[in-house]
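# Coordinate inspection notes
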Amino acid sequence: MQKIRSGTLAALLLGSIFTPSLSLAAPADSDAIRDAALKDDVAWNFTEGLTTEVGPRPAGTPQEARARDWAVAKLKALGFSNVRAEPYTMPVWLRGRDEARILSPFPQNLVLAALGNSGSTSDKGIEGDIVYFPSIDALEAAPAASLKGKIAFVDHGMGATQDGSSYGYYGAARRQGPSIASKKGAIAILIRSIGTDHHRVPHTGVQMWADGATPIPAAALSVPDAEQLVRIVKRSQPVKVHLTLTSRMLRDQPSGNVIAEIPGSDPAAGVVVAACHLDSWDQGTGAIDDATGCGIAAASALQVAKVGQPRRTIRILMAGAEEVGGDGARAYFKAHGAEPHALAMESDFGADRVWRVDFKLPQGHDDLAKRIAVALAPLGIGAGRQEAGGGADIAPLVKAGVPVIDLQQDGTRYFDLHHTPDDTLDKVDPEQLRQNVAAWAVTLNLVANASESMSAN
C-alpha cells in the first residue's frame with residue numbers, strides 16, 4: 001500500500017467530520033512531543049513497578065494502602081509537584097473460599113469466582129438444583145418466587161468488539177442478575193463470566209444489591225465451565241450443585257486517592273485532570289486494569305512538562321476504589337468539585353493502541369478539536385462522531401459539565417483479561433503502551449496550552 005503523508009492522512013480522517021476548510025496545522029511542539037513519547041519508558045516502568053512491588057490492590061485493603069504509598073513516592077521521584085494522598089473511608093468486601101462442584105448427574109468440579117459484594121454461604125456451603133436461563137432477559141421474565149430454593153444460572157456469550165460496546169448489555173447479568181434472582185427466591189446465582197476468552201479463568205467484578213434484595217451467594221463461572229454446565233443441563237436431567245462462597249464485609253476501612261500536579265502558569269485557566277485508578281481486583285496484578293492507565297497519565301504529563309510550563313495545571317488523579325463502585329471519584333469531586341476544571345480525561349481500558357478520539361467540548365471550541373485531531377492523525381488515530389463520555393473516575397466531573405476528551409483504546413482483547421487472574425504484566429505490549437503515551441501527551445499539551453477559555457459559558 002502506498003504510504004500516505006501525515007498531512008494527507010489528517011485531511012482524509014477529518015474531511016467527513018469537520019468543516020472542509022482544514023488549514024489548521026498542529027503546533028510545532030506536537031511533533032517533538034509525539035516523537036519523544038514514542039520512546040517513553042516511564043509508563044512501562046510505572047506499570048512494572050506497581051504490579052511487581054505491590055501486586056493486587058483490592059479497594060480498602062492494606063495492599064491498596066501500599067499502592068498509595070508506592071505511587072506517592074514514585075510520583076515525587078519523577079518530579080511532580082503537590083504530590084499527596086487524600087484519604088476517605090468505605091465499606092470493604094473480602095473474598096473467602098470460592099468452590100463449586102456438580103453433585104449430579106455428572107459429578108465434577110467447576111471453576112468460578114465470587115462477585116464483589118456476594119452474599120456468603122456457611123463454611124459447609126449450600127446445595128441446590130440449577131435453573132437455566134439463556135440471558136438476563138429470560139431471568140427477568142421468570143415468575144415471582146419461581147426460583148425458591150434453587151440456584152439460578154444465567155448463560156450468554158459476550159462477543160469481542162473494538163470499542164467494548166458489548167459490555168453494557170452483557171454486563172447486566174453481573175450487575176443486576178444477583179438482585180433479580182434474589183427477589184425471585186433463588187438461594188444463589190451463577191453467571192457465565194462477562195468475558196470474551198475461552199480460558200479456564202473466571203472474571204470477577206462488582207455488583208450492587210438493589211433495594212429490597214437479600215444478598216445471596218453470587219459467582220461467575222469461567223467460560224469453559226459455563227459451557228460445560230450448559231451441555232449438562234441440556235441432557236434434560238436435574239442438575240444439583242454444591243456451592244461454597246465465603247466472604248465478609250468490613251465497615252469504615254481506609255482508602256484514598258493519590259494526586260500529583262504539573263503546575264500551570266495561569267491558575268485562573270482551570271485544571272486539566274488526567275485520571276486512572278490505582279486499585280485492582282484481587283485475582284491478577286491489575287496490569288491492564290489499571291496500572292497501565294496510571295503509567296500513561298503520569299508519563300504523558302511529564303512529556304508536556306519537558307517542553308515548558310503549561311498554561312493550565314495538569315493534575316494526575318490516581319483514584320482509589322474504582323472497581324467497587326467509584327468511591328474515589330466521588331471523594332475527589334467532594335474535595336475538588338468547586339475548583340475550576342478545564343477538562344477531564346481518563347485511561348482505563350487497557351494499553352492497546354488508541355484508534356479514535358471523541359470530544360465533548362463547549363460550544364465554539366471546534367478549532368481546538370481540529371488541532372488535536374490533526375496532531376493525533378500521524379499516530380493512526382481518527383476523529384470519531386460520538387460524544388465523549390469519560391469513565392468512572394471522572395464521572396462526577398463530567399456530570400457536572402466539565403469538558404471531556406476520550407482517547408479510545410482498542411478493546412478487542414480487553415475482555416479476554418478483564419477482572420481475571422490473567423491480568424498480569426506480560427499482557428502489556430510496550431510499543432502499544434508508548435503509542436498511548438504519545439496520544440495522551442499531544443492531547444494534554446494542546447488542551448493545557450489552549451488559548452480558548454474552556455468554559456461552557
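Residues numbered from 1 in each chain as written. Predicted model: local features only at pLDDT ≥ 70, side-chain atom pairs only at ≥ 80, totals over all residues. Heavy atoms only, no water.

### Quick notes on the environment of D163
Operational definition: Strands here mean DSSP runs of E at least two residues long; helices mean DSSP runs of H or I at least four residues long; both are numbered from the N terminus. The contact criterion used throughout is that any non-hydrogen atoms of two residues lie within 4.5 Å. We define a polar contact as two N or O atoms separated by no more than 3.5 Å, with the added condition that, inside protein, one atom must be a possible hydrogen donor and the other a possible acceptor, whereas residues neighbouring each other in sequence contribute only through side-chain atom pairs.
In this fold, D163 is placed in the loop between β5 (151-154) and α6 (166-170). Between the alpha carbons of D163 and Q253 there is a distance of 35 Å; along the sequence they are 90 residues apart. Not counting residues within four places of it along the chain, the set of residues in contact with D163 comprises F349 and W355. A distance of 2.9 Å separates the side chain of D163 from the side chain of S165, its partner in a polar contact.

### Here's the deal with the packing of helix α3 (residues 42-53) against helix α4 (residues 62-77)
The test is simple: Only the stretch in contact is used when fitting a helix axis, every axis being a line fitted to C-alpha atoms; angles between N-to-C directions are given from 0 to 180 degrees. Any angle that is under 35 degrees is reported as roughly parallel, and any over 145 degrees as roughly antiparallel; angles of 65 to 115 degrees are reported as roughly perpendicular and all others as oblique. Less than a right angle of anticlockwise turn of the near helix away from the far helix marks a crossing as left-handed, whereas a clockwise turn marks it as right-handed. Residues are grouped as follows: Ala, Val, Leu, Ile, Met, Phe, Trp, Tyr, Cys and Pro are nonpolar; Asp, Glu, Lys and Arg are charged; all remaining types, including Gly, are polar.
Close contact between α3 and α4 brings their axes to 10 Å; oriented N to C, the two are set at 150°. Classified by the angle between their axes, α3 and α4 sit roughly antiparallel to one another. With respect to the hand of their crossing, α3 and α4 are arranged in right-handed fashion. Every residue of α4 that contacts α3 at F46, G49, L50 and E53 is listed here: R66, A67, W70, K74 and L75. Tallied by class, residues from the contact of α3 with α4 come to five nonpolar, one polar and three charged.

### Comments concerning the confidence of the model for the protein chain
So the rule is basically this: Per-residue confidence from the predictor is reported as pLDDT, which spans 0 to 100.
On average, the protein chain scores 93 in pLDDT, and the residues at 70 or more come to 93%. Confidence drops under a pLDDT of 50 for residues 1-26, and excluding neighbours within four residues, the segment shows 35 contacts in the predicted structure.

### A closer look at unusual backbone geometry
A cis amide bond links S104 with the next residue in sequence, P105, at an omega value of 10°. Among the secondary structure elements, P105 is positioned in the loop between β1 (81-104) and β2 (108-110). Unlike most non-glycine residues, D252 shows phi in positive territory, near 50°. Here D252 lies in strand β8 (residues 240-262).

### Here we look at the packing of helix α12 (residues 366-376) against helix α15 (residues 430-448)
Remark: α12 packs on α15, axes separated minimally by 10 Å, with the N-to-C direction vectors making an angle of 155°. One way to sum up the angle between α12 and α15 is to call them roughly antiparallel. Crossing hand, α12 versus α15: right-handed. On α15, the residues touching L368, R371, I372, A375 and L376 of α12 are A439, V442, T443, L446 and V447. Residue composition of the contact of α12 with α15, by class: eight nonpolar, one polar and one charged.

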